[in-house]
Amino acid sequence: MELYLDLHSQPCRSVFLFAKAVGIPFEFKLVDLAAGQQYSEEFGKISIMRKVPVMKDGSFILTESVAILKYLAQKHSSSVADHWYPADLKQRACVNEYLSWQHMNLRTHGSKVFLLRALYPVIMGSEVPKEKMDAAIEDLNQSLNLLEEKFLQKKPFIVGEKMSLADLVAVVEIMQPVGTGLDVFEGRPKLIAWRERVKKEIGEKLFDEAHEAIMKVTSLPQKMKSNSDLEMLIPKFRKIFS
């Protein structure tokens, strides 16, 4: 099995971490997003979507991180512990509920803060307007509040006593703005304790390995400046920032 990944991407990190944590063997195929490799002719033959992650299992190609995570959990159900994607109807529904919610909430808002803080000055040639940044951080805080109040409540993990795919997807999204130097955990002891439980379950060494690139994201703008295809990428990012 091949996984096409760039660990600057939070969905890629979730797939990488899950496969590593549960011992599913795979070949890591780097798709350097900052270099524009997703737009290469070679990658286009793998996925017309031109996004990562992509899984290639024999002749079967699958895009979308949540679909890949569920596929891997179910294909390897004989060796993957049930708590990751529980067979119990209600517990699985709770995992699916979070995975459905997060895409337009925590993922969207965390990504926007990341892009504004890390890439806006390079792409737009100016500092982020204060009102734009303040609004983005407010949206992110609202999503974090919902994560705490609706999904975590007083439980150790989102679904209950054990970690699931929901926790894995949540933590990689929260770490995205953290990589830009914004401590979104500040003043949130419940989230801090949850993060530490997640890290312990995954393994701190593996967690740090997966997040090494994003924690050094300050070098990303300079890398993009040296990218000969930057002019092609600028209109795509300006559309996001407008």
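Sequence order as written defines the numbering, with residues in each chain counted from 1. Note on the predicted model: pLDDT of at least 70 is required for a residue's local features to be given, and 80 or more for side-chain atom pairs to be given and counted; whole-chain, interface and lining totals, by contrast, use all residues. Excluded from the side-chain calculations are hydrogens and water; all other atoms, namely the structure's heavy atoms, are used.

Caption draft 1: Highlighting the nonpolar core. Think of a nonpolar core as a cluster: buried Ala, Val, Leu, Ile, Met, Phe, Trp, Tyr and Cys residues, connected wherever their side-chain atoms sit within 4.5 Å. For the exposure calls, accessible area comes from a 1.4 Å probe over protein chains only, and a residue counts as buried if that area is under 20% of its type's maximum, exposed if over 50%, partly exposed in between. One finds Phe18, Tyr98, Ile158 and Trp194 to be the most contacted residues of the largest nonpolar core, which totals 68 residues. Discounting residues that sit within four places of it in the chain, Trp194 has contacts with Leu152, Pro156, Phe157, Asp167, Ala170, Val171 and Ile174. In this analysis, two residues are considered to be in contact whenever any of their non-hydrogen atoms come within 4.5 Å of each other.

Caption draft 2: Just the packing of aromatic side chains, in detail. Classification of ring pairs rests on two measures: the distance between centres of Phe, Tyr or Trp rings, Trp counted by its six-membered ring, which must be within 6.5 Å, and the angle between planes, read as stacked under 30 degrees, edge-to-face over 60 and tilted in between. In the structure shown here, the tally under the stated rule is eight aromatic pairs. Between Tyr4 and Phe43, the ring centres sit 6.1 Å apart and the planes meet at 55°, which makes this aromatic pair tilted. Pair noted here: Tyr4 is in strand β1 (residues 2-5) and Phe43 is in helix α2 (residues 41-46), with a separation of 39 residues, a long-range link. What makes Phe43 buried here is its relative accessible area of 4%. Both rings, one in Phe18 and one in Trp84, keep their centres 5.2 Å apart while their planes meet at 70°; by these two values the pair is edge-to-face. Here Trp84 lies in the loop between α3 (65-75) and α4 (89-102) and Phe18 lies in helix α1 (residues 10-22), a separation of 66 residues in the sequence. Comparing Phe18 with Trp84, the two get one shared label, buried. One cation-aromatic arrangement involves Lys150 over Phe151; the distance from NZ or CZ to the ring centre is 5.5 Å. For a ring to carry a charge above it, either NZ of a lysine or CZ of an arginine must fall within 6 Å of the ring centroid while also lying within 35 degrees of the normal to the ring plane. Here Arg197 stacks its cationic end above the ring of Phe157, 6.0 Å away from the centre of that ring. A run of H or I in DSSP becomes a helix once it reaches four residues, and a run of E becomes a strand once it reaches two; helices and strands are each numbered from the N terminus.

Caption draft 3: Structural detail: the sheet that holds strand β4 (residues 60-63). If you trace the four strands from one edge of the open sheet to the other, you get β2-β1-β3-β4, paired in mixed fashion. On the outer flanks of this sheet lie β2 (27-30) and β4, each paired with one strand and no other. Neighbour to neighbour, the strand axes of the sheet diverge by 20° on average, direction disregarded. By definition, two strands form a pair when at least two bridges between them are found by DSSP. Bridge count between β1 and strand β3 (residues 54-57): three bridges; the pairing is antiparallel. The partner of Leu3 across the bridge, within β3, is Met55. Against the sheet, α1 touches β1 and β2, its axis set at about 145° to β1. Axis definition: a line fitted to C-alpha atoms, limited for helices to the stretch in contact. Angles are taken between N-to-C directions and run from 0 to 180 degrees. Set on the sheet, α3 makes contact with β3 and β4; between it and β4 the angle comes to about 130°.

Caption draft 4: Spatial organisation of unusual backbone geometry. The linkage connecting Val52 with the following residue, Pro53, adopts the cis geometry, with an omega of 5°. Here Pro53 lies in the loop between α2 and β3. Even without being glycine, Arg50 reaches a positive phi, approximately 60°. Positive phi values are uncommon outside glycine, yet Gln153 reaches one of about 50°. With respect to the helices, strands and loops of the structure, Gln153 is situated in the loop between α7 (130-152) and α8 (165-178).

Caption draft 5: Molecular detail of the environment of Lys45. Position of Lys45 relative to the elements: it lies in helix α2. Placed 167 residues apart in sequence, Lys45 and Glu212 show a C-alpha to C-alpha distance of 29 Å.

Caption draft 6: Highlighting α8. Under the convention used throughout, the expected extent of a helix is 1.5 Å for every residue step, that is, one less than its residue count. Spanning 14 residues, α8 covers 21 Å between terminal C-alpha atoms, matching the ideal 20 Å at 1.5 Å per step. Of all 14 residues making up α8, 14 are buried, and the element is well covered by its neighbours.

Caption draft 7: Region of the structure containing the environment of Leu168. Following the sequence through the fold, Leu168 ends up in helix α8. Contact partners of Leu168, with chain neighbours within four places excluded, come to Ser14, Leu17, Phe18, Trp84, Met163 and Ile202.

Caption draft 8: A look at the side chain of Ser164. Considering the arrangement of structural elements, one finds Ser164 in the loop between α7 and α8. Exposure remark for Ser164: the relative accessible area of 1% places this residue in the buried category. Not counting chain neighbours up to four residues away, the residues in contact with Ser164 comprise His83, Trp84, Val95 and Val159.

Caption draft 9: A look at the pattern of salt bridges. By definition here, a salt bridge exists when the distance from a side-chain nitrogen of Lys or Arg to a carboxyl oxygen of Asp or Glu is within 4 Å. A complete count under the given rule lists eight salt bridges for this structure. Linking Lys29 and Glu27 is a salt bridge whose minimum nitrogen-to-oxygen distance equals 3.3 Å. In this structure Glu27 comes out as partly exposed when scored by relative accessible area, which is 41%. With its nearest N and O atoms 2.6 Å apart, the salt bridge here joins Lys130 to Asp134. Of the two residues, Lys130 and Asp134 are both situated in helix α7; the distance of four residues between them amounts to about one turn of the helix. Judged by relative accessible area, Lys130 falls into the exposed class, the value being 59%.

What is shown is where atoms sit, not what they do.
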